[in-house]
Amino acid sequence: MNRWIEIFIVSLKLGLTSFGGPVAHLGYFYEEYVKRRRWVDEKAYADLVALCQFLPGPASSQVGMGIGLVRGGVVGAIVSFIGFTLPSSVLLIMFALLATEFDLTEAGFIHGLKLVAVAIVADAVLGMGTKLAVGPKRLFLMLLALAGVLLLAHPLAQVGVLVLAALLGLVLFDDEPKSGGQLNIRVPRVLSITALILFVVLLAATPILANGATGHIQLTSIMYSAGALVFGGGHVVLPFLQQSLVPDFLTGDSFLAGYAAAQAVPGPLFTFATYLGTVIHGVTGGILATLAIFLPGFLLVIGVLPFWDRVRGNKQVSRMLIGVNAAVVGILLAALYDPIFTSSVKTGIDFFVAFGLFCLLRFYNQSPLRIVLIGAVIGTMMSWI
């Protein structure tokens, strides 16, 4: 019980302070779960991130669920999901009920928090790079991944880059040691298999329900399909939801207003579904939409991670993971540039603030929470100038 409470408190803190989108979340998770609390080691975390990049759904939230699963079993995964998702869900329900009457997306503190995201992700890239992209071969794979993601502006580019890195890792690292620490996932085999079967059954049933049902059932079906079919999470879910909901359920203006609000709050961007559900069917619709869009990712974490922990002990898989881990650093570096850096750093002052926050985090050992507060204050002060 105490461990579950601890998981909830830590994930709730992350849900309240993790601004900047999915890649930034991985930076916050790295700082909290790996560097500060040591719930998993660097390589195990990188393996977990690599797996969640392959799975459909909200990758950063799935990483959080996976760490909750490691720390506290299935209940730990549920508690981790609730803690990380609750703050943004509540805020977006409020946004929806107020019909986005007040636009906070241009507020000064939001700009400050974007600069915080630059610092957080830069620190994560540097920390993971010094462990996972050292040496000529790993550095080559990191640069290959960086180039691939930057040149191929497509959500599936990340999956393709990781597959290529895995194959090259199998060839390049014949004598390398096993990658990744033990995740110690204890989930009954029958529960994992049941979760995978349920994922497939619901995926097959939701298109039928979406076309044949109405009201809450139809909304829930659409959200489940979005969570099950979108790779890359975050921003990638936007076109799927827009095609499914506009203009039959809400106007384009209302849709885009909610998307802007979702980017202005901390936590997972998938809680955009919370706003949409609330606009369409009230608070109940918001809650159902949230549960439905996250359910596929949760089922996959419960179903795949226990088997993944066994499979990655294989020597061939271990060599592939070394390549994948180096590529993950490249993918994070690409995301640090675009969209995080390009959407946040517009002036020399912005760069100075972002670099200063990075130094506070990296060299002065300030906590991410303190960095968030400092960034929000500085952003507000900058808006007065």
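Preceding this section is the structure that the text describes.
My aim in this report is to walk through the structure given alongside it, one point at a time. Keep in mind it's a predicted model, so treat the numbers as computed, not measured.

## Observations concerning the overall build of the protein
Here comes step 1: Of regular secondary structure, the protein possesses 15 helices and 0 strands.
Here comes step 2: For the protein, the C-alpha radius of gyration of 20 Å lies close to 21 Å, the compact-globule estimate for 385 residues.
Here comes step 3: Here the protein holds 385 residues, and the buried ones make up 54% of them.
Here comes step 4: In the protein, once contacts between residues fewer than 6 apart in sequence are set aside, the share between residues at least 24 apart is 78%.
Here comes step 5: Only carbon and sulfur atoms are counted for the fraction: they give 69% of the accessible area of the protein, which is about 16600 Å².
Here comes step 6: Where the 22 positive side-chain charges of the protein centre and where its 18 negative ones centre are 12 Å apart.

## Remarks on unusual backbone geometry
Glycine aside, residues mostly have negative phi, and peptide bonds are mostly found in the trans state.
Here comes step 1: Residue P247 is bonded to the preceding V246 through a cis peptide linkage, with omega at 5°.
Here comes step 2: By the secondary structure assignment, P247 is in the loop between α10 (237-245) and α11 (252-264).
Here comes step 3: Despite not being glycine, R38 shows a phi value in the positive range, around 55°.
Here comes step 4: Structurally, the position occupied by R38 is in the loop between α2 (22-36) and α3 (42-54).
Here comes step 5: A relative accessible area of 67% means that R38 is categorised as exposed.
Here comes step 6: Although it is not a glycine, N365 adopts a positive phi angle of roughly 55°.

## Describing empty space enclosed by the protein
Here comes step 1: Counted under the stated rule, the structure contains 2 cavities of 30 Å³ or more.
Here comes step 2: Lining the second largest cavity are K13, L14, T17, E32, P368 and L369.
Here comes step 3: Among the secondary structure elements, those contributing two or more residues to the lining of the second largest cavity are α1 (2-17) and α15 (368-384).
Here comes step 4: Of the residues forming the lining of the second largest cavity, the biggest block, 3 residues, is contributed by α1.

## What to know about a nonpolar patch on the surface
Here comes step 1: Taken together, the side chains of I78, I82, L86, V90, L91 and M94 make up a nonpolar region of the molecular surface, amounting to roughly 460 Å² of accessible area.
Here comes step 2: Mapped onto the fold, L91 is located in helix α4 (residues 59-97).
Here comes step 3: Since its relative accessible area comes to 33%, L91 is described here as partly exposed.

## A closer look at the packing of aromatic side chains
Here comes step 1: Applying the stated rule across the entire model yields 12 aromatic pairs.
Here comes step 2: When the ring of F29 is compared with that of F84, the centres are 5.2 Å apart and the planes differ by 65°; the resulting orientation is edge-to-face. Note that F29 is positioned in helix α2 and F84 in helix α4, a separation of 55 residues in sequence.
Here comes step 3: For F29, a relative accessible area of 1% corresponds to the buried category.
Here comes step 4: Judged by relative accessible area, F84 falls into the buried class, the value being 5%.
Here comes step 5: Grouping aromatic residues by their ring pairs yields a cluster made of F341, F351, F355, F358 and F363.

## Digging into the nonpolar core
As a rule of thumb, nonpolar side chains are buried together in soluble globular proteins.
Here comes step 1: Y45, M223 and L241 are the most contacted members of the largest nonpolar core, which has 118 residues in total.
Here comes step 2: The contact partners of M223, leaving out residues within four places of it in the chain, are L241, L245, A273, L276, A289, A292 and I293.

## Description of the environment of P87
Here comes step 1: Relative to the elements of secondary structure, P87 occurs in helix α4.
Here comes step 2: Sequence separation between P87 and S192 is 105 residues, and the spatial gap between their C-alpha atoms is 29 Å.
Here comes step 3: Residue contacts for P87: discarding those within four places in its chain leaves L12, G15 and L16.

So, how was this worked out
Every chain begins its residue count from 1, and numbering advances along the sequence as written. For this predicted model, a pLDDT threshold of at least 70 governs which residues receive local features, and a threshold of 80 or more governs which side-chain atom pairs are given and counted, while totals over whole chains, interfaces and linings are taken from all residues. Based on all heavy atoms of the structure, the side-chain values leave hydrogens and waters out of the count. Helix numbers and strand numbers start at the N terminus; a helix is a DSSP run of H or I with at least 4 residues, a strand a run of E with at least 2. Note that the radius of gyration is over C-alpha atoms, with the globule rule given as 2.2 Å times the number of residues to the power 0.38. Any residue under 20% of the maximum accessible area for its type is buried, any over 50% is exposed, and the rest in between are partly exposed; the area is computed with a 1.4 Å probe on protein chains only. Here, two residues are considered to be in contact whenever any of their heavy atoms come within 4.5 Å of each other. Each accessible area is a Shrake-Rupley result for a 1.4 Å probe, and residues are judged covered by the shown protein chains and nothing else. Asp and Glu count as negative and Lys and Arg as positive, but His and the ends of the chain are not part of the count. Note that the charge is assigned to NZ on lysines, CZ on arginines, CG on aspartates and CD on glutamates. Here a cavity denotes grid points, spaced 1 Å and computed from the protein atoms alone, that fit a 1.4 Å probe unable to get out, and a pocket denotes an open set having protein on both sides within 12 Å along at least 5 of 7 lines; residues with an atom within 4 Å of a point are the lining. Grid points are joined across faces, edges and corners, and a volume is the space filled by probe spheres set on the points. Patch criteria: residues need more than 30% relative accessible area and no salt bridge. Like-charged residues are merged within 9 Å; nonpolar side chains of Val, Leu, Ile, Met, Phe, Trp and Tyr are merged within 5 Å. The salt bridge definition used is simple: a Lys or Arg side-chain nitrogen within 4 Å of an Asp or Glu carboxyl oxygen. Each aromatic pair joins two rings of Phe, Tyr and Trp (for Trp, the six-membered one) with centres within 6.5 Å, and gets the label stacked for planes under 30 degrees apart, edge-to-face for over 60, and tilted for any other angle. For our purposes a nonpolar core is just a set of buried Ala, Val, Leu, Ile, Met, Phe, Trp, Tyr and Cys residues, chained together by side-chain atoms within 4.5 Å.

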